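Single-letter residue listing:
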Amino acid sequence: MKPKVAFFDFTSCEGCQLDALNLDVGEVLGLLGAVDIVNFREVKTDRSDDYDIAFIEGSITKESEIPRIEAIRKQAKVLVALGACACTGGVNCLKNAYTADELLKGVYGECASYYNTIPARPVSAVVPVDAYIRGCPPTTSEFLKVVKAALLGKRPDIPNYPVCTECRIAGNVCVFQRGGTCIGPVTRAGCDALCVSSGRFCWGCRGLVDDPNTNSAKDVLARYGLTLDQILERFKIYNSYSEVSQCQK
Amino acid sequence: MPEIKIKVNQLTRVEGHGNIHLEASDGKLEKVLWEVTESPRFFEWMLKGRNYDDVSTISSRICGICSIAHTTASLQATEAAFGIKLTEQAWLLRKLLYDAELLESHVLHVLFLIAPDFLGADSVIPLVATHGDVIVMAVRMKKLAYNLAEILAGRKTHPITPIVGGWSKLPDADALRDVRERLVKCLDDAETMVAVVKSLAPMIPNFNRPTEYVALKDSKEYAFITGKIASSDGGTFPLEDYQKITNEFCVPQSSAKYTRHARASYQVGALARFNLSSEQLLPRAKKAAASLGMKAPIHNPFFISVAQAVETVHCVEDAINIIDRLLARGLHDEEVKVKPRAGRGVGIVEAPRGMLIHDYTYNDAGEIVSANCIIPTGQNHASIQHDFDALAPAILDKPVDEIRHTLEMLVRAYDPCISCSVH
């Protein structure tokens, strides 16, 4: 029996699901040969509530999404958070700086009472998560790596060192040396420093590395005359749910 | 006649969450609703206080399918606010990236999401066995669009290199040459896609509801990221006056706002563009339209996907032309200088599914004071509802499954980006 796989979307842009399947023909056929996709609303009509592995895209931002994710957790043997919104809360948590009332009245005016919202949160803030596929969006190769590990009942080999390591390997000039600010020193690698290699900087979309060297990060800020506030503003774009983002100067 | 109750919870093969709800008894329609249940994310509030350098990064996350469209609209809004004009090279690259967006999105919609409706399949997966050649071709076309975007923007979903005033990194000329060869072959694929659509066309429901069509229109070219706002009911409008067209309002069954202009609703998207600008299509796209018997104006919303197939040919032709121009003039490093200033800027582009608006007001420090985004699918929700109102009574005598399927197909024809429309 092939394992049954389901995809579910919560509050998100739904880019992760489609990007995860940006595969070559051989990879598509390989994946379809290894698993049965039984639930994937964005791509297929027939659905089944009998599945083993659930991929969750998006964060939780409405009361009604809580019982839905709890039911999925109850059914799934393995629950995988797919993408930044599911893993860290992602950009969705930027709205948590405002009250529901401010947001609803601000956007919908007199019709605010038609709608509802709660503070956005990652999936792990509501139910236990077994594996994470990080990034906004995640890379296809990491998606395949995690799927293979899940099928083998193993832990995927995801880097637990900062983006700086991959950035050096890519031969980039350090963003701080170019006069910019960068979240790379505390962000979990695995993207091959794609944004810095593309002439920009790291926004931290893959979340914090497990044991960030905060003292060293502070030294970097001091060396380049930057304040904690300056770096936190950018850190919060993807990680405002994290307790680190609450830290004061 | 028996009582009919149809409730489709979370319609499939569309982006985002929407329901269809129909009730009828004694052959009389009591209710037919297109309900949008997607959670609002409040992007306009997220953008407040953000520095211009982070704005398109955040706002591209409104949508995972049309993130290049959001990036482009966002950059053009900021550039309008700061009074920045792009160099010719930066502009050509931006248009080329846009062709990648249209190519990928249209192939995904027409061959992966719509085709199963016509072939009696629940998804593209069983079609691998029955229509392998077409699926392999569709995967090839999608992959090409991804690669073109990767060469230009670092990646297709949530592009990295397009920045306010230009590019953070230029593409490699050899990579452009390689991708040009694949685009030339892709012209044949795009024409095969048109032939596939033609073979399915006899199954398109015969339903016509003339309405107002709104799209960008340019005097020089088939407009995607240029021009002014135009309406088929008459008149053109400067970008800054978009609110005279959109007139947003709320309805209880939708967390996305509705819009209306000259009539109770208007339509945006590939068919609106075709109806307003078909004479400006590039030669092979024009030929493709003729082979499909398409002549503007067309009032059948199911033809939106057919117009997308024609546009697919157009954007492949356009991409080849732009690469030729870029290679002929050579790629040169250009310094990007941005001087923020207080003011308002409006950026409007034609996303694959219609007119997309970003409107920002900045302070002197280059931080957003207020933002407004209006999404194509937001503009189409009222049109979908009015199509339902006209279509449902005409098909009530059909079997329930057929009624349900026809209404589902109608929504899918619009290629809705529902979470994007709620944002």
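The rules we used
Residues numbered from 1 in each chain as written. Chains lettered and ligands numbered in written order. Predicted model: local features only at pLDDT ≥ 70, side-chain atom pairs only at ≥ 80, totals over all residues. Heavy atoms only, no water. UniProt positions renumbered as here; feature names shortened; annotations may be inferred. Helix = DSSP H or I, 4+ residues; strand = E, 2+ residues; numbered from the N terminus. Contact = heavy atoms within 4.5 Å. Pairing = 2+ DSSP bridges. Axes fitted to C-alpha atoms, helices over the stretch in contact; angles between N-to-C directions. Domains from an automatic or database assignment. Salt bridge = Lys/Arg side-chain N within 4 Å of Asp/Glu carboxyl O. Polar contact = N/O pair within 3.5 Å; in protein donor to acceptor, adjacent residues only side chain to side chain. Nonpolar A, V, L, I, M, F, W, Y, C, P; charged D, E, K, R; others polar. 1 Å grid on protein atoms, 1.4 Å probe; cavity = no way out; pocket = protein on both sides within 12 Å on 5 of 7 lines; lining within 4 Å. Points joined across faces, edges and corners; volume = space filled by probe spheres on them. Core = buried A, V, L, I, M, F, W, Y, C linked by side-chain atoms within 4.5 Å. Buried < 20%, exposed > 50% of the residue type's maximum accessible area, 1.4 Å probe, protein only. Buried area = accessible area lost by both parts, 1.4 Å probe. Expected span 1.5 Å × (residues − 1). Bend = angle between axes of the 7 residues up to and from the residue.

Engineer: Tell me about the UniProt feature "binding site: Fe cation" (unreviewed entry) in chain B, residues and numbers included.
Structural biologist: All names here are of chain B. The sites that carry the UniProt feature "binding site: Fe cation" (unreviewed entry) are, in the present numbering, Cys66 and Cys420. For this annotated set, covering 355 residues, all C-alpha atoms fall within 8.8 Å of each other, a compact arrangement in space. Inspection of the secondary structure puts Cys66 in the loop between helix 2 (52-59) and helix 3 (67-82). Here Cys66 is in contact with Glu101, Pro352, Arg353, Cys417 and Cys420, once residues within four sequence places are set aside. Mapped onto the elements of the fold, Cys420 is located in helix 14 (residues 418-422). Apart from the residues lying within four places of it in its own chain, the contact partners of Cys420 are Glu15, Arg41, Ile62, Cys63, Cys66, His70 and Ile375.

Engineer: Tell me about the sheet that holds strand 3 (residues 53-57) of chain A, residues and numbers included.
Structural biologist: Residues and elements named next belong to chain A. The strand order across the open sheet built from five strands is 2-1-3-4-5, with neighbouring strands paired in parallel fashion. Of all the strands in the sheet, the pair left with one neighbour each is strand 2 (36-40) and strand 5 (131-133). The average undirected angle you get between the axes of adjacent strands in this sheet is 20°. Here strand 1 (residues 4-9) pairs with strand 3 via five bridges, running parallel. Note that in strand 3 the partner of Phe7 across the bridge is Phe55. Sheet strands in contact with helix 6 (residues 140-152) are strand 1, strand 3, strand 4 (78-82) and strand 5, and its direction is about 160° off that of strand 5.

Engineer: Kindly report on the domain arrangement of chain A, identifying the contributing residues and their values.
Structural biologist: Residue and element names in this part refer to chain A. When cut into domains, chain A gives domain 1 (4-152) and domain 2 (163-245). Each of domain 1 and domain 2 was reduced to a C-alpha centroid, and the two centroids are 25 Å apart. Counting from both sides, the interface comprises 15 residues of domain 1 and, opposite them, 11 residues of domain 2. Between domain 1 and domain 2 we count one salt bridge in total. The closest approach of N and O atoms between Arg206 and Glu142, which form a salt bridge, is 3.0 Å. Between the two partners, domain 1 and domain 2, sit four residue pairs in polar contact (both at pLDDT 80 or more). For the side of domain 1 that touches domain 2, a count of residues per class yields eight nonpolar, four polar and three charged.

Engineer: So what's going on with the layout of surface pockets? Residues and values would help.
Structural biologist: Residue and element names in this part refer to chain B. Approximately 730 Å³ is the volume attributed to the largest pocket. The wall of the largest pocket is formed by 32 residues, among which Ile163, Trp167, Ser168, Glu335 and Val336 lie closest to the centre. Looking at the lining of the largest pocket, the elements with two or more residues in it are helix 2, helix 4 (88-118) and strand 5 (166-167). Across the lining of the largest pocket, the residue classes tally to 12 nonpolar, 10 polar and 10 charged.

Engineer: Could you give an account of the sheet that holds strand 14 (residues 368-374) of chain B, naming the residues involved and the relevant values?
Structural biologist: Residues and elements named next belong to chain B. Ordered by their spatial adjacency, three strands build an open sheet running 12-13-14, and the pairing between neighbours is antiparallel. Edge strands, defined here as strands with exactly one partner in the open sheet, are strand 12 (343-351) and strand 14. Between one strand and the next, the sheet's axes are offset by a mean angle of 10°, whatever the strand orientation. Where strand 13 (residues 354-362) lies against strand 14, six bridges are found, and the strand directions are antiparallel. Bridging across to strand 14, Thr361 finds its partner in Ser370. Running at roughly 150° to strand 12, helix 3 makes contact with strand 12 and strand 13 of the sheet.

Engineer: Please provide a residue-by-residue account of the nonpolar core, values included.
Structural biologist: Side chains of nonpolar character tend, in soluble globular proteins, to be buried together. With 197 residues, the main nonpolar core has Phe55 and Phe143 of chain A together with Leu22 of chain B as its most contacted residues. Looking at this core, the element that brings in the most residues is helix 4 of chain B, giving 17 residues. Mapped onto the domain boundaries, this core takes at least three residues apiece from domain 1 (4-152) and domain 2 (163-245) of chain A. Phe55 of chain A has contacts with Val5, Ala6, Phe7, Phe8, Val80, Leu82, Ile133, Phe143 and Val147 of chain A, leaving out every residue within four places of it along the chain. Grouped together as the second largest cluster of nonpolar side chains are 20 residues, Ala6, Phe8, Ile72 and Val123 of chain A included.

Engineer: Please give an account of the interface of chain A and chain B that cites residues and values.
Structural biologist: Residue-level contacts link 56 residues of chain A with 58 residues of chain B. Between chain A and chain B, roughly 5100 Å² of surface is buried when both sides are summed, and carbon and sulfur atoms account for 57% of that area. Counting the surface chain A buries against chain B, the share from its top three residues, Cys13, Arg41 and Arg200 of chain A, is 12%. Notably, a salt bridge pairs Lys44 of chain A with Asp122 of chain B, separated by 3.4 Å at the nearest N-O pair. Linking chain A with chain B are 35 residue pairs in polar contact (both at pLDDT 80 or more). Of all the elements in the fold, those that place two or more residues in the side of chain A that touches chain B are helix 1 (15-20), helix 2 (25-34), helix 3 (65-75), helix 5 (100-108), helix 8 (194-197) and helix 10 (228-239) of chain A. Of the residues contributing to the side of chain A that touches chain B, the split by class is 26 nonpolar, 13 polar and 17 charged.

Engineer: Which residues make up helix 7 (residues 173-200) of chain B, and what values do they have?
Structural biologist: Helical geometry note: an α-helix holds 3.6 residues per turn, so side chains three or four residues apart project in the same direction. All names here are of chain B. End to end, helix 7 covers 39 Å across 28 residues, agreeing with the expected 40 Å (1.5 Å per residue, within 8%). At Lys185, helix 7 is deflected by roughly 30°, the largest bend along its length. Within helix 7, burial applies to Leu176, Val179, Leu183, Cys186, Leu187, Asp189, Ala190, Met193, Val194, Val196, Val197 and Leu200.

Engineer: Explain the UniProt feature "domain: NADH:ubiquinone oxidoreductase-like 20kDa subunit" (unreviewed entry) in chain A to me, using residue names and the numbers behind them.
Structural biologist: Those residues carrying the UniProt feature "domain: NADH:ubiquinone oxidoreductase-like 20kDa subunit" (unreviewed entry) are residues 13-149 of chain A in this numbering. Annotated as residues 13-149 of chain A, this span is 36% helix and 13% strand, and its ends, taken at the C-alpha atoms, are 26 Å apart.

Engineer: Break down empty space enclosed by the protein for me, with residues and values.
Structural biologist: Scanning the model with the defined rule gives eight cavities of 30 Å³ or more in all. Roughly 240 Å³ of volume is contained in the largest cavity. Per element, the largest residue contribution to the lining of the largest cavity is three residues, and it comes from helix 8 of chain A. Taken together, the residues that form the lining of the largest cavity break down as 15 nonpolar, six polar and four charged. A domain split of the lining of the largest cavity shows at least three residues from each of domain 1 (4-152) and domain 2 (163-245) of chain A. Taken together, 16 residues form the lining of the second largest cavity, with Ile114, Phe118, Ile204, Ser305 and Val306 of chain B sitting closest to its centre. Of all elements in the fold, only helix 4, helix 7, helix 11 (304-329) and helix 13 (400-413) of chain B reach the threshold of two or more residues within the lining of the second largest cavity. Ranked by the residues each element gives to the lining of the second largest cavity, the list is headed by helix 4 of chain B, at six residues.

Engineer: Pulling in residues and values, what's your account of the side chain of Lys62 of chain A?
Structural biologist: Within the secondary structure, Lys62 of chain A sits in the loop between strand 3 and helix 3. With near-sequence residues (within four places) excluded, Lys62 of chain A lies in contact with Asn116 and Ile118 of chain A together with Thr37, Glu38 and Ser39 of chain B.

Engineer: Explain the pattern of salt bridges to me, using residue names and the numbers behind them.
Structural biologist: In the structure shown here, the tally under the stated rule is 39 salt bridges over all chains. A salt bridge links Arg73 of chain A to Asp130 of chain A; the nearest nitrogen and oxygen atoms lie 3.1 Å apart. Of this pair, Arg73 of chain A sits in helix 3 while Asp130 of chain A is found in the loop between helix 5 and strand 5, placing the two residues 57 residues apart along the sequence. Of the residues examined, Arg73 of chain A reaches a relative accessible area of 17% and is grouped as buried. Overall, Asp130 of chain A belongs to the partly exposed group, its relative accessible area being 38%. Residue Lys156 of chain B is joined to Glu104 of chain B by a salt bridge in which the shortest nitrogen-to-oxygen separation is 3.6 Å. Of this pair, Lys156 of chain B sits in the loop between helix 6 (132-153) and strand 4 (162-163) while Glu104 of chain B sits in helix 4, and the two are 52 residues apart along the sequence. Neither residue differs from the other here; Lys156 of chain B and Glu104 of chain B are each classed as buried. Residues joined in a network through salt bridges with shared partners are Arg13, Asp117, Glu408 and Arg412 of chain B.

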